[in-house]
Each structure stands twice: as C-alpha cells, then as structure tokens.
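This is what each chain is made of:
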Amino acid sequence: MSTLTPCWSGDFAVQPAWGDVFARMNPAGSTPESVAAAERAHFDAELMRRMGRSDREAFAQLYDRFSRPLFATALRILHNSAEAEDIVQDVFLALWEKAAAFESGRGSAFAWAVTLTRNRAIDRVRMRKRRSELLAETTAEDAGTQPSGTGPDSADGLMLKEQAGAVRAAVAALPADQQRAVELAFFSGLTQQEIAEKLREPLGTVKARIRRGLLRLRDTLGGRHD
Amino acid sequence: MIDETFEEFASLYVLGLLEGAELAAFEQKLARDPASAQLVRELRESSAQLAFTASDAAPSPELRARLLDRLDTAAAWRKQSNVLPFRTPVWLPWAAAASLTIACAWLGQLYLGSRFEAATLRDQQALAEFELRSARNQLEAERLIAGHQLSAMTEQLAALDRQLKSEGDLAQFKISTLASLLGNSPQALAVAVWNPAKQEGVLTVEKLPALAPDKDYQLWLVDPQYAIPVDGGVFRVDPSTGVAHVTFKANRPVNSVAKFAVSLERKGGVPKAEGPMVLLSQ
C-alpha cells in the first residue's frame, strides 16, 4: 500500500526554524490580504495556546473557524461526506492532543490543520484504491454534501467568507493551465507523472505550471515575507 | 541563491509530490539552507489557502457536539492521570525482588517440568521406533518363511508332477523276462525293461556262461514294423557269476517291443543276428 509522502508531518520539532514571521514583515510593502492573514494566524495561534491548557471554549472557536474549509477539502478529495467527517474529527482531535506543542513561529495553525487533513484524506483515497473512480466524478457531484453558499452569520463566518473570496479570486486570476495544474496537485492525490498524463502535457511543463501558480498565489495572498 | 529549479522542487515538496531520491536530496538542502526553508514555509502557507477553493460545505452539526464530548472524556482522563499521586513505596523494591524470585521459581519449575515431559516424549518416541523396527523384522521374517514355504511347495508340486509323469511313463514300460535257450545253461535268466518314451532300457542277466575273448552277447529288440530285429548293443558278463547290468539303446526308433532276444555274436556285434540265440523273452 502506498502512503502519502508527508510534506509536513505535524511534528513541529523537526521543522526548520520558522522565525518571527510577522515581526519580519515589511508593513510598507504589505497587501491588505497579507495583513489580514497575519492577524488570522496570530488569533489562531492564541487559540492553540489556550487549547494546550485544555480550554474547551478555544477548541470550539477553532472548530468554528477551521471546520468548513477542512471539511470542504476532505470532501473534495474523498467525495464522501461520511469519510470527510471522519477525517475532520481525527484532525481536530490531533490538534487538541498536540496543541500544547504548537509554536506559532514554526507555521500557522491553519496550514498545519490543512496539511493534516489533506494528507489523511489522500492516504485514505490511496488506501481504498478508488482514485480513478473518484477522479471521474465532477466536483459538483460532491455526493452527500449540503453545499452552503452562506456560512454562519457569526464574525468567524463572515471572516471565512471574506478569506474564501480572496483565495478564490487569487486562484481565478491564475492562467487556466496553472490553475488546473495547481488544483489537481492539491486535491487529486495523483503523482507528478499522473498529473502530466491527465493533463496530457509534458512533465516539465506541468512542474513549471505548478511552480508559477504557487509562487503567484504566494505573492497575491501575502505569504511572502521578505 | 534560489533558482527556478529549486522553486520547482519546493512547490512539489509542499504538495507532497516529491518522492524517492529527489525528496531525500531536497530535504538535505532544506536542512542546510535557511533561505530555502523560508521559501518552503511561504509556499506551504499559500498552498494551504487552496482549501478555500473547494466547494463550501459544512460538516454535520453533530460532529461539533461529538468532538466536544470526546474532549470531556480526554480531559477527564488527563486530569485523573495528573491528579493521581505516585510516590515510590519503600517496600516496592522488596516486592519486586520477591516477585522476581517467585517468577524465577515458577519458570524453573516450568523448565524442569518441560524437560521431564520432553524426556518422556523422547522415551515414548524411542519405544515407538523400537516397536516399529520389531514389527518390520517380524514382517520380513514372515515374508521369508512364506517365500521358503512357497518354494518348497513348488518343489513338491514339481516332484508330484514328475512322479505322476513317471508313473504315467511306467505304465508304458515294456518289462519282459528272458528264458534260456541254452542246453548247457538252462538256469540262465534275464529281465529287460524298455522305456519307449526315452527309447532306452535296462537289461539284467544272471548265470550266463562266460564268453570267449572273441565273442560278445548282443541284445535284439523285435519291433513288428521292421523285418529284422533292431540292434540293442553288445555286452559281456562277469565270468565268475554270469551277471551283467546293462543300459541299452536301440540303434533305430522303436514303436513297440514284441520280444527281446540275446544272441552270441562275434566281438563287437553284428548288424543282423548271425549267431545262436541264447535268451528270448516269453
């Protein structure tokens, strides 16, 4: 059985020093998106610290902030709402258990949670060997889901909608070929070669599209910290 | 200095698309180069934002409640684990030593018991092997005896067969007594037995007169199919007793013997009787 190569195991101790990301940001060169992202990351880190002290309220707040994008990611990968919920449950329990070890200087809590969710979902897809069957399905056919164009009316919900809108706009601004390559790489669980075969493009072309797409998203969404 | 190739590797790395040697080489470089690590962190943060491009969907409301229940259970367990004081009792080493002693004794007993059991099993195995060998030997002996009995019976059968055959042959034998035709030896007597199957016979004579050196007695077999008697060969008698025991053959095939006759002929015999007849079957 093949397993997903972890690009981020969740073990912060093995990560390179994160540095004080936000302290090194250049406010003069920051975009509104990057400032908002820094504020969100700071707030999430505070929730994680409280969770590390067994604060249920902090956990509930983090759940309200993360559960929709994490569930949507798992669902997009698995195309099965029950399995997606299983994954989300496992991820939140892992966050709860490891919250005390979280250090904001090593990365954002959201990136950690997304990485855990994606890795587990892709592992499950590969385990059940239904990749080709799943890929044949369209995104709009997310069986068993109850797509919700409007999230909760809470402040977290509104913020999520803003964040999602900004990301979708950034992705939509990518050239179509880069957008397709990046989305396949993130959601499909395919290997480089399989992505190239699916897109019917040379492997080098696909790699270049993924590189350009991710760098452009970084620049647009404010992930760059020079 | 970060070039496009490295950027490419970093992009694939954060998406989990690097494998094997490429992955190992990239992680080595990552560990050595802070600028590279910084790029990877930035790309990882950006790629995580892609979660928002999936169609918006919410898990069931029950999941939140379920998770919070699980947290209560986990928290209670954690609290219990933290609250429970545990100081090493003074008697613990002694108890450990006693437990170890008991365990050693038990294991020793178990070992001895196992050895005894193994020895018993070995004895049983040896006995079974001995019985097997005995059974094989007995079987071999019985096989040999049966073989001997079979060959003996075969021989007996053959002997019986021969006997039956000989008895059958005997019925075909021609046995005749020959009386003297000599005036000077009236008591001379002979018995001739002819086996037609073998075309040979036995002649026993008594009290025949001794022969001159240039003479022989010659036996004749009278077969009706021939015009003249068939030559049965010459013989001489013991001069002192007149006795002779002779095995003879006819010099031509004989179907049946009507008479036997003995004549006195010149030394070496003659093809056709010339001399006086001294004995004739009755």
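Every chain's residues receive numbers from 1 upward, in the order its sequence appears when written. For naming, the first written chain is A and the first written ligand is 1, with later ones following in the order written. The model is predicted, so local features are restricted to residues of pLDDT at least 70 and side-chain atom pairs to those at 80 or more, both for listing and for counting; the totals for chains, interfaces and linings are taken over all residues. Calculation of side-chain values draws on the structure's entire complement of heavy atoms; hydrogens and water are dropped beforehand.

1. Quick look at the packing of helix α9 (residues 203-221) of chain A against helix α1 (residues 4-14) of chain B
Interaxial distance between α9(A) and α1(B) falls to 9 Å at its minimum, and their mutual angle equals 80°. When the axis of α9(A) is compared with that of α1(B), the two are roughly perpendicular. Packed against α9(A), whose contacting residues are A:Lys207, A:Ala208, A:Ile210, A:Arg211, A:Leu214 and A:Leu215, the element α1(B) presents B:Glu4, B:Glu7, B:Glu8, B:Ser11, B:Leu12 and B:Val14 at the interface. In the contact of α9(A) with α1(B), the residues fall into six nonpolar, one polar and five charged. Under this scheme, a helix contributes an axis fitted over its contacting stretch, all axes are lines through C-alpha atoms, and angles between N-to-C directions fall in the 0 to 180 degree range. Secondary structure elements are defined from DSSP: runs of H or I of at least 4 residues count as helices, runs of E of at least 2 residues count as strands, and each element is numbered from the N terminus. Roughly parallel here means an angle under 35 degrees, roughly antiparallel means over 145, roughly perpendicular means 65 to 115, and every remaining angle is called oblique. Note on contacts: a residue pair qualifies if any of its non-hydrogen atoms lie within 4.5 Å across the two residues. Ten residues, namely Ala, Val, Leu, Ile, Met, Phe, Trp, Tyr, Cys and Pro, are considered nonpolar, four, namely Asp, Glu, Lys and Arg, are considered charged, and the remaining ones, Gly among them, are considered polar.

2. So, the sheet that holds strand β8 (residues 277-281) of chain B
Two strands in a sheet stick together by hydrogen bonds in their backbones, pointing the same way (parallel) or opposite ways (antiparallel). Residues and elements named next belong to chain B. In this scheme, strands are said to pair when DSSP sees at least two bridges between them. Spatially, β5-β4-β7-β8-β1-β2-β3-β6 is the arrangement adopted by the eight strands of the open sheet, whose pairing is antiparallel. The open sheet has two edge strands, β5 (230-235) and β6 (244-249), and neither has a second partner. Pairs of neighbouring strands in the sheet enclose a mean axial angle of 25°, with direction left out of account. Two elements, strand β1 (residues 174-180) and β8, share three bridges in a ladder whose sense is antiparallel. Counted as the bridge partner of Ser 180 is Leu 279 from β8.

3. Topic: the environment of A:Lys198
All names here are of chain A. Mapped onto the fold, Lys 198 is located in helix α8 (residues 192-199). To sort residues, take the accessible area from a 1.4 Å probe on protein chains only and compare it with the maximum for the residue type: under 20% means buried, over 50% means exposed, and anything in between is partly exposed. A residue is classified by how much of its surface remains accessible, and Lys 198, at 37% relative accessible area, is partly exposed. Note: C-alpha distance between Lys 198 and Ala 181 (17 residues apart in sequence) is 9.8 Å.

4. Digging into the pattern of salt bridges
Residues and elements named next belong to chain A. Here, a salt bridge means any Lys or Arg side-chain nitrogen found within 4 Å of an Asp or Glu carboxyl oxygen. Across all of its chains, the model carries 21 salt bridges over all chains by this definition. Salt-bridge contacts for Glu 83 lead to Arg 124; the nearest nitrogen and oxygen are separated by 3.8 Å. Here Glu 83, found in helix α3 (residues 81-98), pairs with Arg 124, found in helix α4 (residues 109-128); they are 41 residues apart in sequence, far enough to count as distant. Overlapping salt bridges bring together Glu 83, Asp 86 and Arg 124 as one network.

5. Quick look at the confidence of the model for chain B
Low-confidence regions, as indicated by low pLDDT, have predicted coordinates that should not be scrutinised in detail. Scored from 0 to 100, pLDDT records how confident the predictor is in each individual residue. A residue-level look at chain B finds 93% of positions with pLDDT of 70 or above and a mean pLDDT of 86. By mean pLDDT, the top-scoring element of chain B is β5(B) (95), and the lowest-scoring one is helix α4 (residues 61-83) of chain B (73).

6. Details of α4(A)
Taking 1.5 Å of rise per residue, the 20 residues of α4(A) would be expected to cover 28 Å, and the 29 Å separating its terminal C-alpha atoms lies within 8% of that figure. Within α4(A), 17 of the 20 residues are buried, which leaves the element mostly enclosed by the surrounding structure. What a helix should span is 1.5 Å times the count of its residues minus one.

7. Re the interface of chain A and chain B
Listed per partner, the contact involves 71 residues of chain A and 47 residues of chain B. Taken together, both faces of the contact between chain A and chain B bury some 5,700 Å²; the carbon and sulfur share is 60%. For any pair of parts, buried area is found by adding up, for both, the accessible area (1.4 Å probe) each one loses once the two are put together. For the chain A face of the interface with chain B, the top three residues by lost area are A:Arg56, A:Arg211 and A:Leu214, together amounting to 11%. Summed over the shared surface of chain A and chain B, the result is six salt bridges. Note that B:Glu7 and A:Arg211 form a salt bridge whose closest N and O atoms lie 3.4 Å from each other. Whenever a nitrogen or oxygen atom comes within 3.5 Å of another N or O atom, the pair is scored as a polar contact, on the condition that within protein one atom can donate a hydrogen and the other can accept it, and that pairs from neighbouring residues in sequence are kept only if both atoms are in side chains. Counting every contact that joins chain A to chain B gives 13 residue pairs in polar contact (both at pLDDT 80 or more). Those elements giving two or more residues to the side of chain A that touches chain B turn out to be α2 (56-78), α3, α4, α6 (155-172), α7 (176-187), α8 and α9 of chain A.

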